[in-house]
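# Structural overview for review
Chain by chain, the residues:
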Amino acid sequence: MSKKKIIIGNWKMNPDSLSSAKSMVNSLKKSTARLTNVQTVICPPFIYISDLVSKSKLAIGAQNVFYEDRGSYTGEVSAAGLYDLGARYVIIGHSERRAMGETDEVISKKVIKAVSSNLTPVICVGEKVHDSDGEYLEVVKKQVLEALRHIKSTEIWKVIIAYEPIWAVGAASAMTSHEVYQMSLFIRKVLMEEYGKLGVGVSVLYGGSVDAENAAEIVSGGQVDGLLVGRESLHPERFTNLIKAVNNL
Ligand code: PEP
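Residues numbered from 1 in each chain as written. Predicted model: local features only at pLDDT ≥ 70, side-chain atom pairs only at ≥ 80, totals over all residues. Heavy atoms only, no water.

## Structural notes on the overall build of the chain
We apply this condition: Only DSSP runs of H or I reaching four residues or more are called helices, and only runs of E reaching two or more are called strands; each is numbered from the N terminus. Based on C-alpha atoms, the radius of gyration is set beside the globule rule, defined as 2.2 Å times the residue count to the power 0.38. Remark: exposure states derive from per-residue accessible area (1.4 Å probe, protein chains only) relative to the maximum for the residue type, with buried under 20%, exposed over 50%, and partly exposed in between.
The helix and strand tally for the chain stands at nine helices and eight strands. By the compact-globule yardstick of 18 Å for 249 residues, the chain fits well, its C-alpha radius of gyration being 17 Å. With the principal axes as the frame, the chain shows a C-alpha extent of 50 × 45 × 35 Å. For the chain, with 249 residues in total, the buried portion stands at 50%.

## A look at helix 9 (residues 236-247)
Note the cut-off: Take the number of residues in a helix, subtract one, and multiply by 1.5 Å to get its expected span. Relevant arc is that of directions from the helix axis to the C-beta atoms, nothing else. Note on contacts: a residue pair qualifies if any of its non-hydrogen atoms lie within 4.5 Å across the two residues.
In this model helix 9 runs 16 Å from its N-terminal to its C-terminal C-alpha over 12 residues, within 8% of the 16 Å that 1.5 Å per residue would give. Those residues of helix 9 that fall on the buried side of the exposure criterion are Pro236, Phe239, Thr240, Leu242, Ile243, Val246 and Asn247. Seen along its axis, helix 9 keeps its buried residues to an arc of 160 degrees; they face one direction. Looking at the buried residues of helix 9, the elements they touch are strand 1 (5-10), helix 1 (18-32), strand 2 (38-43), helix 8 (215-222) and strand 8 (226-229).

## Comments concerning the pattern of salt bridges
Counted only if it meets this: Any Lys or Arg side-chain nitrogen found within 4 Å of a carboxyl oxygen on Asp or Glu counts as a salt bridge.
Counting across every chain of the model gives 11 salt bridges. Glu96 is the salt-bridge partner of Lys12, the closest N and O atoms lying 2.7 Å from each other. Of this pair, Lys12 sits in the loop between strand 1 and helix 1 while Glu96 sits in helix 4 (residues 95-98), placing them 84 residues apart in sequence. In this structure, Glu232 engages Arg238 in a salt bridge whose closest nitrogen and oxygen atoms are separated by 2.9 Å. Here the salt bridges share partners, and the residues they tie into one network are Arg97, Glu102 and Lys110.

## Concerning the site of the ligand
We apply this condition: Definition of nearness: a residue and a molecule or strand are near each other if at least one heavy atom of the residue lies within 4 Å of the molecule or strand. Within 3.5 Å is the distance limit for a polar contact, defined as a pair of N or O atoms, with the added protein rule that one can donate a hydrogen and the other accept it, and that residues adjacent in sequence qualify only through two side-chain atoms. In this description, accessible areas are obtained by the Shrake-Rupley approach with a 1.4 Å probe, and a residue is regarded as covered only by the protein chains that are shown.
Lining the immediate surroundings of the ligand are Lys12, His94, Glu164, Val169, Gly170, Gly207, Gly208, Ser209, Leu228, Val229, Gly230 and Arg231. Between the ligand and the protein, one listed contact pairs an oxygen atom with a side-chain N or O atom of His94 at 2.8 Å. One of the side-chain nitrogen or oxygen atoms of Glu164 is found 2.8 Å away from an oxygen atom of the ligand. In the complex, the protein chains occlude 99% of the 290 Å² of accessible area that the ligand would expose alone.

## A few points about the pairing of strand 8
Stated precisely, the cut-off is as follows: Strand pairing is assigned whenever DSSP identifies at least 2 bridges connecting the two strands.
Neither face of strand 8 is left uncovered, since the one carrying Gly226 and Leu228 and the one carrying Leu227 and Val229 both have all their residues buried. As paired elements, strand 1 and strand 8 share four bridges and run parallel to each other. Looking at strand 8, one finds that Gly9 is bridged to Val229. Two elements, strand 7 (residues 203-207) and strand 8, share three bridges in a ladder whose sense is parallel. What sits directly across from Tyr206, in strand 8, is Leu227.

## Remarks on helix 7 (residues 177-195)
Counted at 1.5 Å a residue, the expected span for helix 7 with its 19 residues is 27 Å, and the 26 Å between its end C-alpha atoms agrees. Residues of helix 7 that are buried include every one of Ser177, Val180, Met183, Ser184, Phe186, Ile187, Val190, Leu191 and Tyr195, and no others. Looking one or two residues beyond helix 7, the residue adopting positive phi is Gly196, at roughly 60 degrees.

## Focus on the packing of helix 6 (residues 135-147) against helix 7
Filter applied, for reference: A fitted line through C-alpha atoms serves as each axis, taken over the contacting stretch for helices, and the angle formed by two N-to-C directions is quoted from 0 to 180°. An angle counts as roughly parallel when it lies under 35 degrees, as roughly antiparallel when it exceeds 145, as roughly perpendicular when it falls between 65 and 115, and as oblique in every other case. By convention the crossing between two helices is left-handed if the near helix lies anticlockwise of the far one by an angle smaller than a right angle, and right-handed if it lies clockwise. Amino acid classes used here: Ala, Val, Leu, Ile, Met, Phe, Trp, Tyr, Cys and Pro are nonpolar; Asp, Glu, Lys and Arg are charged; the rest, including Gly, are polar.
At a minimum axis distance of 10 Å, the contact between helix 6 and helix 7 shows a crossing angle of 50 degrees. One finds that helix 6 runs oblique with respect to helix 7. Two packed elements cross with a definite hand, and for helix 6 against helix 7 that hand is right-handed. Between helix 6 and helix 7, the residues in contact are Tyr136, Leu137, Val140, Lys141, Val144 and Leu145 and Met183, Phe186, Ile187, Val190, Leu191, Glu193 and Glu194, respectively. Grouping the amino acids of the contact of helix 6 with helix 7 by side-chain chemistry returns 10 nonpolar, no polar and three charged.

Here it is as structure tokens:
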């Protein structure tokens, strides 16, 4: 039996009200209830998490976490607190956070804190430019290895890597499935070189301008374990079509 594909919706700083968030999640819960080949995860703003968690199959995640347990860190949110609310996933190192100054070192501390708090980290990596001399490969390799530097190889299966080339995030079109395939292969090779067979346990996702039309081809042709979706995850009907397309592969 092949493992379930993972589809994660990153809502970013949307929507504006709890009632909208609830109605979006309720609609998705209903429309995806019978799908058995996909695990759907919604990452809403922190403020909505406790109201959206339920016993349904739809999992809830956060979009960030802090690496300390508690204390004088104004505005930060702890991993234990998120777990206690019912979050089970957390996006770490999204390009929008890296652009605000989040470094590989900070990301690596957040990743180990998430794993030790039973949250699945969804670690975002990706180059700014896909240059023709292939420097982007080194950029992505460094981001992957730095993010995982505190994780024991026996725990490596607990993390998810989301490859999101920055130039394809929020863009007019996604990477081609062939390009996604080259990158998923490259990331798996990096993981195997570092962790041997244990590296195979890591799920590798793609993110960047995925919609209901290109989702299935990106997952099958790109040989990825799932998708990280921004804009389309804010439209329950379109997001459902995207999820169904992958479920039916
Ligand atoms: C993202 O920001 O993580 C993302 C994938 O966005 P979009 O799907 O809108 O390109």
